[in-house]
Amino acid sequence: MANKTLKFVDVSQEYPEKRAATDRAKDFDEIYQEYVQTKASEQAGRCSQCGVPFCQIHCPLHNNIPDWLMMTAEGRMEEAYELSSATNNMPEICGRICPQDRLCEGNCVIEKGFESVTIGSVERFITDTAWEKGWVKPPRPVAERPQSVGIIGAGPGGLAAAEEMRKLGYQVHVYDRYDRIGGLLVYGIPNFKLEKDIVTRRAELLKAGGVKFHLNFEVGRDATLAELRARHDVLLIATGVYKARDISAPGAGLANIVPAMTYLTASNRKGLGDSVPDFDSGLLNAEGKNIVVIGGGDTAMDCVRTAIRQGAKSVKCLYRRDRQNMPGSLREVSHAEEEGVDFVWLAAPEAFLGDQKVRAVRVVKMRLGAPDATGRQTPEIVPDSSHEVPADLVIQALGFDPEDLPTLFNEPAIGVTGWGTIGVDFKTKMTNLDGVFAAGDIVRGASLVVWAIRDGRDAAAAMHIHLQNKVAAQRSALATAAE
Ligand code: FAD
Ligand code: SF4
Ligand code: SF4
């Protein structure tokens, strides 16, 4: 067969077609179309098949990218899918929402001079094709094992661990306080980045494979950690981080100043057809309003783009550093700018103005001063730079901290770090409580879906070793007793 790769000199980079900004601002559908097979093969064929693939090194799952690109280039789609799904429980989800510009694609060696291979879009195409062709199958263990695994949290970390443990034949029970499976994949990330039926079909697959879900079940309210430990042979805590960081400025307590997750959850629920009184009353609906979003991360980007789709009169994003220093993906910023978001760089709220409800934000200009201990320039207020920005709804997107889990779980003995995240042993992934493991954002702090999947997989491998060691110890104790 003629070589179908190394085409980056002749074939230029082409992402799947992006819908026009004016069209996509009117609905919550995903913004990228799907590749067709010939385009996916052509783009995959741009890969130079590096001996040391930096894309793979910088993918948190160390996906075997060059090989599945080669198979896609050659049209061997089922093999490409087998390889891609061997290291990733949700390749079509990562293909859609990983910040590829900071991970695989940002480290592709042909990036300099020829623009990177469109790795994420090909990964998405491979697994969307697999779903279409019926190649994606529920986890089917070769043999059942009697031990049971309790997983707290049905986000990507918990789900990846559930699938891996079920493949090994364990009896897997997942508990979640939400009414749907998926964690932030469902209630945080908006539909225009990840359509919800893509998450639902993953959840249905796990159910078909025998994973048992206990929804509307909040650990702390419906059971203590100790009760769940007694119910299962091992436990995994994958509860994410949800405590919104607050702004402390005069007027911060006024009505119509809301945390990002309250706003995004309402919008996602509305899209899913739920009744959302605070949306229907207008409180969490941006339509016809001047919206100010505070923050520069991916959550802020999701808020501004949601507000545009709800028909806001104006949408401003205030960030205290500049474009180059923002934590969010620059690709997301460009999408938002195309859709009509006004970014106010080097700006911070000084006070919120209004009687009962907010009517404006008093904003000060910032400049970047001397670097701090991490080398990042510290923002400083520019004197006499206050000005008012009209606001009917202010959305705070300043990041998340963990909840106080020892209190919430009624388990004061569980070890937490100085940041409130759960402490785990670097090698065994186990907390200080025997048989209790942890994964995802609750260990790393607010991070990424791909890292939660990686942690979930690592935790599953660690729980398997722990359970095998327990079985071996029991056998040896029985053998000794029989002697
Ligand atoms: P989560 O997804 O948070 O899941 C935790 C689950 O635990 C939830 O379902 C929760 O209900 C449940 N839970 C919590 N406490 C309890 C309890 N006491 N009892 C029972 N269940 C409980 N990452 C990306 O890679 N790309 C993106 O584009 C992106 N966009 C984002 C947009 C927003 C708005 C936010 C907030 C985050 C975004 N992220 C993104 C980050 C990503 O969503 C998280 O890093 C990832 O979901 C973490 O997975 P997790 O499984 O650790 O936790
Ligand atoms: Fe890139 Fe994410 Fe896929 Fe890894 S999982 S190859 S980082 S898109
Ligand atoms: Fe291919 Fe780029 Fe990865 Fe090299 S770094 S193997 S060119 S995708």
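The notes below deal with the structure included here.

Scoring rules and cut-offs
- Residues numbered from 1 in each chain as written.
- Chains lettered and ligands numbered in written order.
- Predicted model: local features only at pLDDT ≥ 70, side-chain atom pairs only at ≥ 80, totals over all residues.
- Heavy atoms only, no water.
- Phe/Tyr/Trp six-rings, centres within 6.5 Å; stacked < 30°, edge-to-face > 60°.
- Helix = DSSP H or I, 4+ residues; strand = E, 2+ residues; numbered from the N terminus.
- Buried < 20%, exposed > 50% of the residue type's maximum accessible area, 1.4 Å probe, protein only.
- Lys NZ or Arg CZ within 6 Å of the ring centre and 35° of its normal.
- Pairing = 2+ DSSP bridges.
- Axes fitted to C-alpha atoms, helices over the stretch in contact; angles between N-to-C directions.
- Contact = heavy atoms within 4.5 Å.
- Patch = residues over 30% accessible without salt bridge, like charges linked within 9 Å, V, L, I, M, F, W, Y side chains within 5 Å.
- Areas by Shrake-Rupley, 256 points an atom, 1.4 Å probe, with all protein chains shown as cover.
- Salt bridge = Lys/Arg side-chain N within 4 Å of Asp/Glu carboxyl O.
- Parallel < 35°, antiparallel > 145°, perpendicular 65-115°, else oblique.
- Left-handed = near helix turned anticlockwise from the far one by under 90°.
- Near = heavy atom within 4 Å.
- Nonpolar A, V, L, I, M, F, W, Y, C, P; charged D, E, K, R; others polar.
- Expected span 1.5 Å × (residues − 1).

### A short note on the packing of aromatic side chains
Within this structure, the stated rule accounts for 5 aromatic pairs. Between F28 and F192, the ring centres sit 6.2 Å apart and the planes meet at 40°, which makes this aromatic pair tilted. One end of the pair, F28, is in the loop between helix 1 (21-24) and helix 2 (37-44); the other, F192, is in the loop between helix 10 (184-187) and helix 11 (196-208), and 164 residues separate them in sequence. Between F343 and W345, the aromatic rings sit 5.0 Å apart at their centres with planes inclined by 10°, giving stacked as the arrangement. For F343, a relative accessible area of 10% translates into the label buried. Given the relative accessible area of 22%, W345 is considered partly exposed. Positioned above the aromatic ring of F192, the side-chain terminus of R309 is 3.9 Å from the ring centre.

### Notes on the sheet that holds strand 7 (residues 290-294)
Strand order in the open sheet made by the 5 strands is 6-14-7-8-9, with parallel pairing throughout. Two strands close off the open sheet at either side, each with one partner strand: strand 6 (257-259) and strand 9 (342-344). Each neighbouring strand pair of the sheet contributes to a mean axis angle of 25°, computed without reference to strand direction. Taken together, the 3 bridges between strand 6 and strand 14 (residues 393-396) define a ladder with parallel strand orientation. Bridging from a neighbouring strand, I257 pairs with V394 of strand 14. Those strands touched by helix 15 (residues 298-309) are strand 7, strand 8 (314-318), strand 9 and strand 14, and its axis lies near 170° from that of strand 8.

### Let's talk about a nonpolar patch on the surface
Together, V52, F54, I57 and V109 line one region of the surface with nonpolar side chains, adding up to about 340 Å² of accessible area. Along the chain, V52 falls in the loop between helix 2 and helix 3 (54-57).

### A closer look at the packing of helix 15 against helix 16 (residues 330-339)
Close contact between helix 15 and helix 16 brings their axes to 10 Å; oriented N to C, the two are set at 20°. In terms of axis orientation, helix 15 runs roughly parallel to helix 16. Helix 16 is crossed by helix 15, and the crossing has left-handed handedness. Facing D298, M301, D302, V304, R305, I308 and R309 of helix 15, the residues of helix 16 in contact are E332, V333, H335, A336 and E339.

### Quick word on the site of ligand 2
Around ligand 2 sit 13 residues, and of these C59, N63, C98, C104 and E123 come closest. For the shell around ligand 2, the class distribution of residues is 9 nonpolar, 3 polar and 1 charged.

### Quick notes on helix 13 (residues 260-271)
Each α-helix winds once per 3.6 residues, and so residues spaced three or four apart point in a common direction. Helix length check: helix 13, at 12 residues, gives a terminal C-alpha distance of 17 Å against a target of 16 Å (1.5 Å per residue), a fit within 8%. Burial within helix 13 is extensive, with 9 of its 12 residues counted as buried. Within helix 13 the residues assigned to the buried category are A260, M261, Y263, L264, T265, A266, S267, N268 and R269. On its buried face, helix 13 is in contact with helix 10, helix 11, strand 6, helix 15, strand 14 and strand 15 (400-401). Positioned one or two residues after helix 13, G273 has a phi angle of 90°, which is positive.

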